[in-house]
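Observations on chain architecture
Chain by chain, the residues:
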Amino acid sequence: MIRRLLSLSLISSLLSAAPISDLLNEYEKASDLSQKTKDESAGNLILYTRDDIERMQAQTLKDLLKTVRFFYYAENRMGQPDSLNQDPVTFFSSSMRVYMNDHEMLSSTLGSGFAYFGDIELDFIDHVEIYEGFPQMDFGVEPATMVIRLYTKDARHDSGGRLKLNVGSQGANTQNAYYSEAFEDFSYFAYLGRYDNARKSISEDGNDIGRSSVTNRFYGSLATEDHRFELHGYEQDGDAFLTSLIGTPPESSSQEIRAIDMSLHSAFLDKTLIFDLSYFKGSLEQKAEFTTPIIVPPKPIFATSYEQKLFDESLTASLKKAWKFEHSEMIAGVQFRRKWFDLGHATFNGVTMEVEQAYDEQDIYSFFLQDMISLRENQMLTLSITNQIYKMDSKVPVEEPDLVQLRAGYIITGEAWTSKTFLTRQQFAPEPYMTVNPQYGNIDLKSETYTQVFQEFDYKVARSNNRIVLGYGQRENMPYLSDTTFTMLSSDIDVYTFSSAYEFTHHFRENDKFEFQAAYSRSSSPVDDSEHVDYKSVVMRMLNSYEKVDLFNEFFWKENGSSSQSGIDYSLGVRYFPIRDLSFNIKGENIFDSGPKWQYTSQFDPLNGETGYIEVPIIERRFWLGMEYLF
Amino acid sequence: MKKVALVLLLLTTLFASDAKLASTIYARISKALSGVSEPKIYLHGEIKAFLEYPLANPVKSCMEADVIITTTMQSLPIECHEKTLFANNYRLLRSSPQIVGAFFWSKGRPNIVFYKERLDRHGITLSDEYERYIEE
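Residues numbered from 1 in each chain as written. Chains lettered and ligands numbered in written order. Predicted model: local features only at pLDDT ≥ 70, side-chain atom pairs only at ≥ 80, totals over all residues. Heavy atoms only, no water.

Observations regarding the overall build of chain A
Regarding its fold elements, chain A presents 7 helices and 34 strands. The C-alpha radius of gyration computed for chain A amounts to 25 Å, which stays within 12% of the reference 25 Å derived for 631 residues, consistent with globular compactness. Over its C-alpha atoms, taken along the principal directions, chain A stretches across nearly 80 × 55 × 50 Å. Evaluated residue by residue, chain A yields a buried proportion of 57% over its 631 residues. Considering only contacts in chain A between residues 6 or more positions apart, those separated by 24 or more positions represent 60%. Per element, the accessible surface of chain A, about 25000 Å² overall, is 57% carbon and sulfur. If the 59 positive side-chain charges of chain A are averaged to one point and the 93 negative ones to another, these points end up 5 Å apart. (Helix = DSSP H or I, 4+ residues; strand = E, 2+ residues; numbered from the N terminus. Rg over C-alpha atoms; globule rule 2.2 N^0.38 Å. Buried < 20%, exposed > 50% of the residue type's maximum accessible area, 1.4 Å probe, protein only. Contact = heavy atoms within 4.5 Å. Areas by Shrake-Rupley, 256 points an atom, 1.4 Å probe, with all protein chains shown as cover. Lys, Arg positive; Asp, Glu negative; His and termini not counted. Charge placed at Lys NZ, Arg CZ, Asp CG, Glu CD.)

Remarks on the overall build of chain B
Secondary structure summary: chain B contains 5 helices and 6 strands in total. Mapped from its N terminus to its C terminus, chain B presents α and β elements in the order α-α-β-α-β-β-α-β-β-α-β. Across the 136 residues in chain B, those meeting the buried criterion constitute 49%. When the accessible surface of chain B is split by element, carbon and sulfur atoms take 51% of a total near 6800 Å².

Here's the deal with the state of the cysteines
All names here are of chain B. The final tally for this structure, using the stated rule, is 1 disulfide over all chains. Disulfide pairing places C62 opposite C80 at an S-S distance of 1.8 Å. Between C62 and C80, the S-S torsion sits near 70°, and that sign places the bridge as right-handed. One end of the pair, C62, is in the loop between helix 3 (48-52) and strand 2 (67-70); the other, C80, is in the loop between strand 2 and strand 3 (84-87), with 18 residues separating them in the sequence. This pair shows no difference in class: C62 is buried, exactly as C80 is. (Disulfide = S-S within 2.5 Å.)

Examining the confidence of the model for chain A
Confidence in the prediction of chain A, expressed as mean pLDDT, is 92, and 97% of residues score 70 or more. When the criterion is pLDDT under 50, residues 1-8 of chain A qualifies, and its contacts beyond four places in sequence or with other chains add up to 3 contacts. (pLDDT = per-residue confidence, 0-100.)

Notes on the sheet that holds strand 5 (residues 109-115) of chain B
Spatially, the 6 strands line up as an open sheet ordered 1-2-3-4-5-6 (chain B), and their pairing is mixed. Of all the strands in the sheet, the pair left with one neighbour each is strand 1 (41-44) and strand 6 (134-135) of chain B. Both strand 2 of chain B and strand 3 of chain B contribute to a ladder of 4 bridges, which runs parallel. Bridge pairing links I69(B) to F86(B) in strand 3 of chain B. The strands that helix 2 (residues 20-30) of chain A touches are strand 4 (99-106) and strand 5 of chain B; relative to strand 5 of chain B, the one it contacts most, it runs at about 145°. Against the sheet, helix 2 (residues 18-34) of chain B makes contact with strand 1, strand 2, strand 3, strand 4 and strand 5 of chain B, and its axis sits at roughly 140° relative to strand 2 of chain B, the strand it touches most. (Pairing = 2+ DSSP bridges. Axes fitted to C-alpha atoms, helices over the stretch in contact; angles between N-to-C directions.)

Concerning the side chain of S447(A)
For S447(A), the position within the fold is in the loop between helix 7 (432-435) and strand 22 (448-461). With residues up to four places along the chain from it excluded, the contact list for S447(A) reads P401(A), L403(A), F428(A), A429(A), P430(A), E476(A) and N477(A).

Some remarks on the nonpolar core
With 86 residues, the main nonpolar core has Y48(A), L61(A), L64(A), V128(A), I130(A), I148(A) and L150(A) as its most contacted residues. The greatest single-element share of this core, amounting to 4 residues, is contributed by helix 6 (residues 114-117) of chain A. Residues A30(A), I47(B), A49(B) and F114(B) belong to the second largest nonpolar core, which totals 31 residues. (Core = buried A, V, L, I, M, F, W, Y, C linked by side-chain atoms within 4.5 Å.)

A word on the pattern of salt bridges
All names here are of chain A. Applying the stated rule across the entire model yields 56 salt bridges over all chains. D126 is paired through a salt bridge with R50; the nearest N and O atoms lie 2.9 Å apart. Separated by 76 residues along the polypeptide, D126 in strand 4 (residues 125-132) and R50 in helix 4 (residues 50-55) bring together distant segments of the chain. With relative accessibility at 3%, the residue D126 sits in the buried group. A relative accessible area of 14% places R50 in the buried class. (Salt bridge = Lys/Arg side-chain N within 4 Å of Asp/Glu carboxyl O.)

A few points about the side chain of Q335(A)
Residue and element names in this part refer to chain A. Take Q335: it is sitting in strand 16 (residues 328-348). In this structure the side chain of Q335 is engaged in a polar contact, spanning 2.8 Å, whose partner is the side chain of E142. Q335 has contacts with V141, E142, T316, A317, S318, I364, Y365, S366 and F368, leaving out every residue within four places of it along the chain. (Polar contact = N/O pair within 3.5 Å; in protein donor to acceptor, adjacent residues only side chain to side chain.)

Structural notes on the sheet that holds strand 4 of chain A
Residue and element names in this part refer to chain A. The mixed open sheet is built from 5 strands, whose spatial order is 1-4-5-2-3. In this open sheet, the two edge strands, each paired with only one partner strand, are strand 1 (44-48) and strand 3 (103-104). Sheet topology places strand 2 (residues 96-100) next to strand 3; 2 bridges connect them, and they run antiparallel. Across the sheet, the residue bridging to M100 is H103, located in strand 3.

Concerning the packing of aromatic side chains
A complete count under the given rule lists 34 aromatic pairs over all chains for this structure. Here Y27(A) and F103(B) contribute two aromatic rings whose centre-to-centre distance is 5.4 Å and whose plane-to-plane angle is 50°, an arrangement assigned as tilted. With one member in each of two chains, Y27(A) in helix 2 and F103(B) in strand 4 form a pair that bridges those chains. With respect to class, Y27(A) is no different from F103(B); both count as buried. Residues Y26(B) and F86(B) carry aromatic rings whose centres are separated by 6.3 Å and whose planes lie at 85° to one another, so their mutual orientation is edge-to-face. Here F86(B) lies in strand 3 and Y26(B) lies in helix 2, a separation of 60 residues in the sequence. Given the relative accessible area of 5%, Y26(B) is considered buried. Taken together, the ring pairs connect Y27(A), Y26(B), F50(B), F86(B), F103(B), W105(B), F114(B) and Y130(B) into an aromatic cluster. (Phe/Tyr/Trp six-rings, centres within 6.5 Å; stacked < 30°, edge-to-face > 60°.)

A look at the pairing of strand 13 (residues 252-268) of chain A
Residues and elements named next belong to chain A. Relative to strand 13, strand 12 (residues 227-238) runs antiparallel, the two being bridged by 12 bridges. When the bridges of strand 13 are listed, Y234 appears paired with A259. Here strand 13 runs beside strand 14 (residues 273-296); their pairing, made up of 17 bridges, is antiparallel. Directly across from E256, in strand 14, lies its bridge partner E285. From the end of strand 13 to the start of strand 14, which pair antiparallel, there are 4 residues, and L269 there has a positive phi angle of about 50°.

Thoughts on the confidence of the model for chain B
Predicted confidence across chain B gives a mean pLDDT of 87, with 88% of residues reaching 70 or more. Throughout residues 1-15 of chain B the model reports pLDDT below 50, and contacts reaching past four residues in sequence, or to other chains, amount to 38 contacts.

Printed below as a string of structure tokens:
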């Protein structure tokens, strides 16, 4: 206590003597929105502040996720974000959840919005928090292996407008603008952006396989002190890459995504009672032509043309109440979620096959309770429990999951160190694309149970911070695609995952920092318990500022499983401010075109089992030139 | 709960809270505008920073004040309009010729602006460290 008083007294006397310009700089840093939203005690946090995002010239979430320990960015065979990709399964990252401010952006079919928003443009985002593991209940009640929270820019800080333009290699380009204004009682924020993500085609088997896309996005918010309404819509037209089918690469393909997302956040009773309501509606239409007929199991169908439409809709309402006691803070709440989904429209060779789904509606009732207990001044214990009850409108008998999510956390701090321990047991219900999918769905798929212990240890010395992260997890009933029945099955084998990382951050000066990260993880196979995959990575990043110039250097090496997929991605960026409101930027990504690759099944003949693979750069070489103007 | 959060914060950095800094900045500006070491300040409207870190020398009537910090011109007694007024938003500064300057957020950063003509009208000369914030 005496030390604390001395610190505060020291701060006060330092402040009274500091020049006004220094006070203003300190105020800007202390007011950083990430300082207000981040919660170190909520989980294993990786934070990208506004300053980090701007100096890294991160245009989309992919630029941040590509180096995130254990969950490095990857894409599925449709060119969509899917970090936990298990090709040829279309999507495997349901446990990676994406939130914008207070609501989850959800695809009801996929179980998470990561495929739609894992590469979202960051130009209207203030900062990004990434929580590895299952975070606290006030950060969402759904089970998760990673929670990504995107916080939009705040009109009260960003009054005024911004115009940003970029041109890149391969013809890529971006244009976006926002304008916001804050009045005494309310504020508004409006963003409009276009992102032409032109990418190099991949040559395979005589075909040029495209994975380019053009995204148009709108985001708007209206806010008062206790209420916020948000409207977010986007459309994306582009290539479907290898498509969701497995056979031969397409001669041509296209993909259209349309999505709208609305939310209302309201706080009452001195912000102790929180009501959230959100609605998401989306559709995905995919078309492809093949020169060699592909064989579509299980019928089988020999197809040279293919078209599929998916529809997504979800409504979520939640109510949370917080109570503060002398030594604890308790949160209790309920959440209702209704999901609608339609995967049954597929056309092969011009003939539409309407498949009747076992169920197309799912209700999830969640009840949760969390208690954060201060054991001593430097120790905290967090206990939480959630019960989730699923109800389906199934036309056939189907198991309706009744799940329990448990979490315990213990945090202790010392003079210069912090230790965080989290023990979680989560249960994941199988998502609709794995159960009612007409191609490989299995309505008898079991819920997956994931038990995990995560330990983080931080030690600070002067301007440096050292962090060690260790994790161990066990997955029961992990889903996988059977290569004999071509349907999703629940594994009888428990899958084990071990994760470890060492991170070092050093601040040379106020605006110069060096970051180092080395990570290693091992994951066993759901098919053969004698097999495992090793993942290794090293990241070195420098952020420097010299007067009117910002420099960004990033070295990233990663190896997953095979050396042929390992690679080094070196990126460099320079930003120059001739005046305070105008900047010019240049950036090279994966400059030596030697970055990590990802392997996809490109050829598959179900009759004789012959399989071919291609390896594709996850992040391709690209150069950007741009400008930004504030008005 | 807050104690643990405080320890975590202090481990990360030793800077003061934004409310403390905002309160200090207003106090420094009030001192500069009034030319006295402990100016009497009248707050017209609500500024969050002062809820956490109240003004050092507040007065209950605007007539007694050396400096008035205001969020609005509405219901400010007309006899106080000729006092030294300082605002917390740019729109108010632009629309109210009685106000000499403002401390506000814009374009993602905090700003301080004084209008020279209005300072001259009040006979206020600021020290060199405020030079960069004075606009013609």
